[in-house]
Structure formats: C-alpha cells, structure tokens
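Listed below are the residues making up each chain.
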Amino acid sequence: MILTITAFKGGVGKTTSAVHLAAYLNQSAPTILIDGDLNRSALLWASKGNLPYPVVDEREGIRAARKYEHVVIDTPARPEVEEIKSLSRGGDLLLLPTSPDVLAMGALKSNVQTLRQLDIQNYKILVTIVPPKPSTAGPEARDFLEGVGLPVLDQMVRRLAVYPKAALEGCIVSEVKGDRYSGIAWNNYRAVGDELCG
C-alpha cells in the first residue's frame, strides 16, 4: 500500500497519523515513512532511533521506497494542487485527518473541493484530536461529514497527552512507559488501520 496523509491545515494530527499508521502497516510487511513536510516533523520524531521502520525525506524516498512493501507519505501542510494530483495518481489512498473544530473543518472543506476539482476519489477522512466525553464534538463532526456524503472513517482518534510524549521519546504510543492511556491511543490507530485495510 502507498498511503499519503495530507491536510490543508497544521495541527490536525497529520504526522501523528503517519507515524502510527506506518507502525501498523509495518506489522504485516516492511514499511517506510517518507517525510515530505518542510517542518520535518516525522524525521524529528524518528531521530532517537526508536521507531520500528525507517523514516527518510522525499529525496531519499524515491530510491528507498523500492525496497518496501508499504510506503506512507507525510505531505506538507497545504500542498500544491499539482502535488496532490501526482500523489493521488501514484498512491493507493489519500488520508485527510481533521480535528472536529470549526477552523479544521473549514480547511477540510477546501481540501475536499480541491479533490473534487481534480476528480480524485481515492480518499478517506479521519477525525482526530477528539475531545473526551461529555463532549460530542467528534461524533457530531463524523456524522456531519457522513451526512454530506463524504467518505469518513468510523474510527476516530482521541485527544490524549500520550501522543506528545511519544513524539518526545521518539517512539509510537504503545511504547510509552507508565502512561495508562498508551494502550487506548495505540488501539485507536490499530482500529484505523484495520478499517483502511479491511
């Protein structure tokens, strides 16, 4: 699988999703994560050497990707239209993470309009950074997206403090020691992976 993760707004869990879905795919076959974001967030996450797969920039990725069964691409925030077009043609699926707040949903609308103009249909939307109950923001956002006919995943990703800890430690959330939410966080992404690959 070639999975491209893109968003028209920062802070919606794009790199976190790339890191964890690469870990999910790596359980079944060798996987590489290509960091195309100018901030190099995935490379920074990987710099401690604790991820179970390699992370490279896009220049290295062209050659390195040939050796791997799965490729996950973390794009820049708000990629150019031509870049979206070529990524969708060269990959199996575009994943668009969005948090359930107004600004992120507005940016997602712009993202989807661009995809429709380009006649791109191989995409799914993932609702991320979902606040805990009693907030209903996550389910409401998912229901709204579903109601307007967009391909939104059933599984959502909760907002949990263990994700920044994982980034700081350079590992995936399931490897963070002493945090009682690490298993819940990993299960969120495992369920996302199951839904994408099922």
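Refer to the structure printed above.
Because the structure is predicted, anything quoted here is derived from the model rather than measured.

Caption draft 1: Here's a closer look at the overall build of the protein chain. Helices and strands together make up the secondary structure of the protein chain, namely eight helices and six strands. Counting from the amino terminus, helix and strand elements in the protein chain follow one another as β-α-β-α-β-α-β-α-β-α-β-α-α-α. Taken over C-alpha atoms, the radius of gyration comes to 16 Å for the protein chain, in line with the 16 Å a tight globule of 198 residues would show. Its C-alpha atoms give the protein chain principal-axis dimensions of roughly 40 × 40 × 30 Å. Expressed as a percentage of the 198 residues in the protein chain, the buried residues total 52%. Excluding contacts between residues fewer than 6 apart, the proportion of contacts in the protein chain whose partners are at least 24 apart in sequence is 73%. Of the roughly 9800 Å² of accessible surface on the protein chain, a fraction of 52% belongs to carbon and sulfur atoms. For the protein chain, the separation between the mean place of its 22 positive charges and that of its 22 negative charges on side chains is 3 Å.

Caption draft 2: Looking closely at the pattern of salt bridges. Within the structure shown, the criterion is met by five salt bridges. A salt bridge links Asp 37 to Lys 14, with the nearest nitrogen and oxygen atoms 3.0 Å apart. Note that Asp 37 is positioned in the loop between strand E2 (31-35) and helix H2 (41-46) and Lys 14 in helix H1 (residues 14-26), a separation of 23 residues in sequence. Taken together, the salt bridges that share partners define one network made up of Lys 14, Asp 37 and Asp 74.

What counts, and where the lines are drawn
Residues numbered from 1 in each chain as written. Predicted model: local features only at pLDDT ≥ 70, side-chain atom pairs only at ≥ 80, totals over all residues. Heavy atoms only, no water. Helix = DSSP H or I, 4+ residues; strand = E, 2+ residues; numbered from the N terminus. Rg over C-alpha atoms; globule rule 2.2 N^0.38 Å. Buried < 20%, exposed > 50% of the residue type's maximum accessible area, 1.4 Å probe, protein only. Contact = heavy atoms within 4.5 Å. Areas by Shrake-Rupley, 256 points an atom, 1.4 Å probe, with all protein chains shown as cover. Lys, Arg positive; Asp, Glu negative; His and termini not counted. Charge placed at Lys NZ, Arg CZ, Asp CG, Glu CD. Salt bridge = Lys/Arg side-chain N within 4 Å of Asp/Glu carboxyl O.

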